[in-house]
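# Coordinates in review
Listed below are the residues making up each chain.
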Number of protein chains: 2
Amino acid sequence: MAHLDPIQDVEAEAPLLEVRDDEGRLNRDFIAAVEEAIEGADADRLLHLAADLHEADTGDLIEALGEEDRASFVRLLGDEFDYTALTETDEAVRVKLLEALPNEEIASALGELDSDDAVYILEDMDAEDQAEILGVLPYADRAQLQRALDYPEDSAGRRMQGEFIAVAQFWTVGQTIDYMREAHDLPDSFYEIYVVDPSFKLLGAVALDKILRTRRDQKVSSIMDETRHAVLATEDQEEVARRFERYNLVSSAVVDETDRLVGILTVDDIVDVIQEEAEEDMRALAGVGDEEISDSVLTTAKSRLTWLVVNLGTAVLASAVIGLFDQTIEAMVALAVLMPIVASMGGNAGTQTMTVAVRGIATQELGTRNLLRVLRREVMVGFLNGMALAVLIGVTAWVWFQNIGLGVVISGAIVINMLFAGLSGLLIPVALDRLKVDPAIASSVFVTTVTDVVGFFAFLGIAAIWFGLPF
Amino acid sequence: MAHLDPIQDVEAEAPLLEVRDDEGRLNRDFIAAVEEAIEGADADRLLHLAADLHEADTGDLIEALGEEDRASFVRLLGDEFDYTALTETDEAVRVKLLEALPNEEIASALGELDSDDAVYILEDMDAEDQAEILGVLPYADRAQLQRALDYPEDSAGRRMQGEFIAVAQFWTVGQTIDYMREAHDLPDSFYEIYVVDPSFKLLGAVALDKILRTRRDQKVSSIMDETRHAVLATEDQEEVARRFERYNLVSSAVVDETDRLVGILTVDDIVDVIQEEAEEDMRALAGVGDEEISDSVLTTAKSRLTWLVVNLGTAVLASAVIGLFDQTIEAMVALAVLMPIVASMGGNAGTQTMTVAVRGIATQELGTRNLLRVLRREVMVGFLNGMALAVLIGVTAWVWFQNIGLGVVISGAIVINMLFAGLSGLLIPVALDRLKVDPAIASSVFVTTVTDVVGFFAFLGIAAIWFGLPF
């Protein structure tokens, strides 16, 4: 990877600017210097500044540049631009930038990348450009990329890297080491090698540290780890991530349905998946889908509107409950003033339980075996916190409206709503999961509906009965 | 690690039960068999079932067992029990189980573990037990664990592993390989070795694949990577995780203030941190702190109550705004029916923006450089979605109450509240971050306050003016 060597042919200038500040953010002076070089079309200066950056820094730098500057940046760097950096930018930024670059250039650059990075860049391009680029590539590269693209999005096969080291089972440790010393087309970095039979069926994996600890005359097959489950290429990346995480894997073989080795996955790809999945739940609970900070106004507005409209249904339903009691409210307007407190406390408590439940389901910490215990806990917690809040709110209402009855009524409603919040916060996500609906996406609408409807109904209903008001 | 070898001395029984089902959950029949063996105090059967499990499976198994069975499980397995499994259980389960085991036994087991695992187990024990266990350990072990425990919680020094391979700069690749073939106290698994000077100052790191590709007579110092930034032992784990993620690291040296190598961090520890941090934001937004599914009723209730009480303040404030308009509501009770819709739509929109902003701040994708652009986007999105919802809600209100004026009033209030939702959803997290307050924890209270107060005020205020009602 030539771009990682410090540029030698540019005269030594003032000391290089720091790329990042203490907090790990890109240094503003550095960005400014890059922008200046781009505007002056000063390729030498730009090479000096940016050619030997790590791909992650280059990716962030591209995001920090104005949209017009991005393509110029790539063009000025020429062959020194490492396309791997594009795997480190937002999708919106990457897609726009790729549109601005000629397809032949992209094709020749992708030929140099590890296949997983090439696929990452190709997969979001439109079908026409994708076909054109694949068409220009040598047969072997094209076949490999096409195979990965044929696997479903979010599958192990889509994310895997086609470059790996596989040796025959009769090889010795010494032969293997000699091979690695002499081969020139090894992957950029690797952590284990794989042992295969003549038909490329996977027999086992050997971690590099094991090779280094073993005498040269030993067979690799004698030190390989057979028990490690290989990943199926069709498996979902979330499944795979869970296995990496659970068994502390650094890399894993990927096999097809016939058990033949087709690629490998490394932990750095999986780290992104793990973070994505945790974030996905958080975003789903808040109804923001997989939007990115660089998305346009229209994309963002559209993706959020669905959620808001669904919630509008919930809100109208809650209003309809209030509508049942319009005469009650007319007779005692203090009820209108206090009723949002009951609904909002229930909503907050429901969200607490639901968040714990959704994550528990995702990490498999919550399952059939402990559901009953957790349910009992949630009911108890709802009751205890309901009592505590009931006292606080009851006294507040009593003092505020000088009406002890109002204090009693709101206290009762709070306890009831907190119990329903705990129950629905747990059972709704669990039920959705059983029905194969993603609990992160759908739970909060239902839970809020329950806490709103129960909150208003309990409060206004008890008040109507207690004070003998019309409804 | 003897426990990883299949048990040979137990007669072959019926085929071993599968440990996990297709979804990756522990197999119920397997758990039942283990419980049976424990209740029958059948050590042989238990060894056969559970002695050669991966530590992650053992950890999950312990969690799945009833509280009474856990200590018996450990006792029956005896020396075959791998204490590393305790690093894979919930804190609450671990602490309870450790209390049930004799300190001498724990001490002798911890002596065998990698230091990071030993620290992980020790750190949550009470000070007295901790001191007793440390007191029994050999001096070298004790000093190493004590040093790690002296570093702050959540620091790199607390999480690091004291076992690593360091060689002198004049060593050749051949010498290094020979050393690794002969040494017996190597770490369980490793991915790079480190080059140090005589005072143990870190000079560089060499990935194992590089060693394997290089000729025996080359000096390790000629192939080491000097530029890789080492982690400072006092650095926060979140910082470190971000660096691992950004630069796709698999392991990293940890140095003290004088640049001396004191330990290493590997990606499997960091994966946990990355997941924890993403989850932490999600939990913080919902106000559930770092509770675990196995926490007791009281712990859970207490940790959640704080958040509910803070939100009660918000709810009372919103009620006070409604209270200002009690005469308006008395004159037109339909306002009481509709007002929660305005507040709830604003709350949902505010949460959407806030979630994006909080994650953007955490991943440093949102910063000063793009704040203005994102702000413009949020205002536009708020306006567009506000208009869309205004039409929907306006028509609903008009038809429902046969009053076109009511439709106009609620439409206006919705647009205003959606704008405020976008503004506050973005600016409140950013401002809190500037003030060094964790935006994930504090944002939602403030954002909800804004959307509730603005929502009720705008709707009731506009209505009072439009219809000429008293307030």
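Cut-offs applied
- Residues numbered from 1 in each chain as written.
- Chains lettered and ligands numbered in written order.
- Predicted model: local features only at pLDDT ≥ 70, side-chain atom pairs only at ≥ 80, totals over all residues.
- Heavy atoms only, no water.
- UniProt positions renumbered as here; feature names shortened; annotations may be inferred.
- Helix = DSSP H or I, 4+ residues; strand = E, 2+ residues; numbered from the N terminus.
- Contact = heavy atoms within 4.5 Å.
- Buried < 20%, exposed > 50% of the residue type's maximum accessible area, 1.4 Å probe, protein only.
- Patch = residues over 30% accessible without salt bridge, like charges linked within 9 Å, V, L, I, M, F, W, Y side chains within 5 Å.
- Areas by Shrake-Rupley, 256 points an atom, 1.4 Å probe, with all protein chains shown as cover.
- Salt bridge = Lys/Arg side-chain N within 4 Å of Asp/Glu carboxyl O.
- 1 Å grid on protein atoms, 1.4 Å probe; cavity = no way out; pocket = protein on both sides within 12 Å on 5 of 7 lines; lining within 4 Å.
- Points joined across faces, edges and corners; volume = space filled by probe spheres on them.
- Nonpolar A, V, L, I, M, F, W, Y, C, P; charged D, E, K, R; others polar.
- Axes fitted to C-alpha atoms, helices over the stretch in contact; angles between N-to-C directions.
- Core = buried A, V, L, I, M, F, W, Y, C linked by side-chain atoms within 4.5 Å.
- Buried area = accessible area lost by both parts, 1.4 Å probe.
- Polar contact = N/O pair within 3.5 Å; in protein donor to acceptor, adjacent residues only side chain to side chain.
- Pairing = 2+ DSSP bridges.
- Phe/Tyr/Trp six-rings, centres within 6.5 Å; stacked < 30°, edge-to-face > 60°.

## Overview of the UniProt feature "transmembrane region" (unreviewed entry) in chain A
Residues and elements named next belong to chain A. Here, the residues flagged by UniProt with the feature "transmembrane region" (unreviewed entry) are residues 305-325, 331-358, 379-401, 407-432 and 444-469. For residues 407-432, the helix share is 100%, the strand share is 0%, and the end-to-end C-alpha distance is 37 Å. In the segment residues 444-469, helix accounts for 92% and strand for 0%; the C-alpha atoms at its two ends are 33 Å apart.

## Some remarks on the environment of F401 of chain B
Residue and element names in this part refer to chain B. Inspection of the secondary structure assignment puts F401 in helix α19 (residues 368-401). For the pair F401 and D69, spaced 332 residues apart in sequence, the C-alpha to C-alpha distance is 63 Å. When residues no more than four places from it in sequence are discounted, the contact partners of F401 are A334, V337, L338 and L406.

## Examining helix α2 (residues 43-50) of chain A
Residue pairs spaced three or four apart in an α-helix point in one direction, given the helix's 3.6 residues per turn. Among the residues making up α2 of chain A, those that are buried are L46, L47, H48, L49 and A50 of chain A. On its buried side, α2 of chain A packs onto α1 (28-39), α3 (55-64) and α4 (67-77) of chain A.

## So, a nonpolar patch on the surface
Residues and elements named next belong to chain A. On the surface, a nonpolar cluster with roughly 680 Å² of combined accessible area is contributed by V391, V395, W398, V399, I404, V408 and W466. Secondary-structure elements contributing two or more residues to the nonpolar patch are α19 (368-401) and α20 (404-434). With respect to the helices, strands and loops of the structure, V395 is situated in helix α19.

## So, empty space enclosed by the protein
Scanning all chains against the criterion turns up ten cavities of 30 Å³ or more. Quantified by volume, the largest cavity comes out at close to 1000 Å³. The wall of the largest cavity is formed by 42 residues, among which N348 and T351 of chain A together with N348, T351 and T448 of chain B lie closest to the centre. Those elements giving two or more residues to the lining of the largest cavity turn out to be α15 (267-286), α16 (297-324), α18 (334-362) and α21 (439-467) of chain A together with α15 (267-286), α16 (297-324), α18 (334-362) and α21 (439-467) of chain B. Grouping the amino acids of the lining of the largest cavity by side-chain chemistry returns 20 nonpolar, 20 polar and two charged.

## Considering the packing of helix α8 (residues 127-136) of chain B against helix α9 (residues 139-150) of chain B
Residue and element names in this part refer to chain B. The interhelical angle for the contact between α8 and α9, taken along N-to-C directions, is 150 degrees, at an axis separation of 9 Å. Contact residues: Q130, L134 and G135 in α8; R142, L145, Q146 and L149 in α9. Considering only residue class, the contact of α8 with α9 consists of three nonpolar, three polar and one charged.

## Some points on the nonpolar core
I329, M339, I414 and F459 of chain A together with I329, M339 and F459 of chain B are the most contacted members of the largest nonpolar core, which totals 78 residues. Apart from residues lying up to four places away in sequence, F459 of chain B is in contact with L335, L338, M339, V342, V409, I410 and A413 of chain B.

## Things to note about the interface of chain A and chain B
With 122 residues of chain A at the interface, the matching set in chain B holds 122 residues. Approximately 10400 Å² of surface area, both sides summed, lies buried where chain A meets chain B, with 62% of it carried by carbon and sulfur atoms. One can count six salt bridges joining chain A with chain B. A salt bridge links R377 of chain B to E291 of chain A, with the shortest nitrogen-to-oxygen separation between them at 3.4 Å. Taken together, chain A and chain B are joined by 34 residue pairs in polar contact (both at pLDDT 80 or more). For the side of chain A that touches chain B, the element with the highest residue contribution is α18 of chain A, accounting for 18 residues. Split by residue class, the side of chain A that touches chain B holds 58 nonpolar, 25 polar and 39 charged.

## A few points about the sheet that holds strand β2 (residues 192-196) of chain A
All names here are of chain A. Taken in spatial order, the three strands of this open sheet run β1-β2-β3, and their pairing is mixed. Whereas interior strands pair on both sides, the edge strands pair on one side only; in this sheet they are β1 (166-168) and β3 (202-207). Between one strand and the next, the sheet's axes are offset by a mean angle of 35 degrees, whatever the strand orientation. Of the pairings in the sheet, the one linking β2 to β3 comprises five bridges and is antiparallel in character. Bridge pairing in β3 places I193 opposite V206.

## Things to note about the pairing of strand β6 (residues 261-266) of chain A
Residue and element names in this part refer to chain A. Burial runs high along β6: six of the six residues are buried. In terms of strand pairing, strand β5 (residues 251-255) meets β6 through five bridges, oriented antiparallel. In the sheet register, A253 faces β6, and the bridge partner there is I264. The loop that links β5 with its antiparallel partner β6 comprises five residues; one of these, D259, has a positive phi angle of about 75 degrees.

## Comments concerning the packing of aromatic side chains
Scanning the model with the defined rule gives 13 aromatic pairs over all chains in all. Residues W171 of chain A and Y179 of chain A carry aromatic rings whose centres are separated by 5.7 Å and whose planes lie at 75 degrees to one another, so their mutual orientation is edge-to-face. Ring plane angle 85 degrees and centroid distance 6.4 Å describe the contact between Y191 of chain A and Y191 of chain B, whose orientation is recorded as edge-to-face. Residue Y191 of chain A is located in the loop between α11 (173-182) and β2, and its partner Y191 of chain B is located in the loop between α11 (173-182) and β2 (192-196); the two belong to separate chains. Aromatic rings pair up to connect F73, F81 and Y83 of chain A into one cluster.

## Looking at the sheet that holds strand β6 (residues 261-266) of chain B
Residues and elements named next belong to chain B. One open sheet accounts for three strands, arranged β4-β5-β6; its pairing is mixed. What marks the edges here is a single partner per strand, and that holds for β4 (231-232) and β6. Sheet topology places β4 next to strand β5 (residues 251-255); two bridges connect them, and they run parallel. The residue bridging L232 from the neighbouring strand is V255, located in β5. Contacts between helix α14 (residues 237-247) and the sheet are confined to β4, β5 and β6, with β6 contributing the most and set at about 60 degrees to the helix.

## Examining unusual backbone geometry
Leave glycine aside and you will find that most residues have negative phi; peptide bonds, for their part, are mostly trans. Phi at K436 of chain A is positive, roughly 65 degrees, even though this residue is not glycine. One non-glycine residue, F200 of chain B, adopts positive backbone phi at about 70 degrees. With respect to the element layout, F200 of chain B can be found in the loop between β2 and β3 (202-207). Residue classification places F200 of chain B among the partly exposed positions, given a relative accessible area of 36%.

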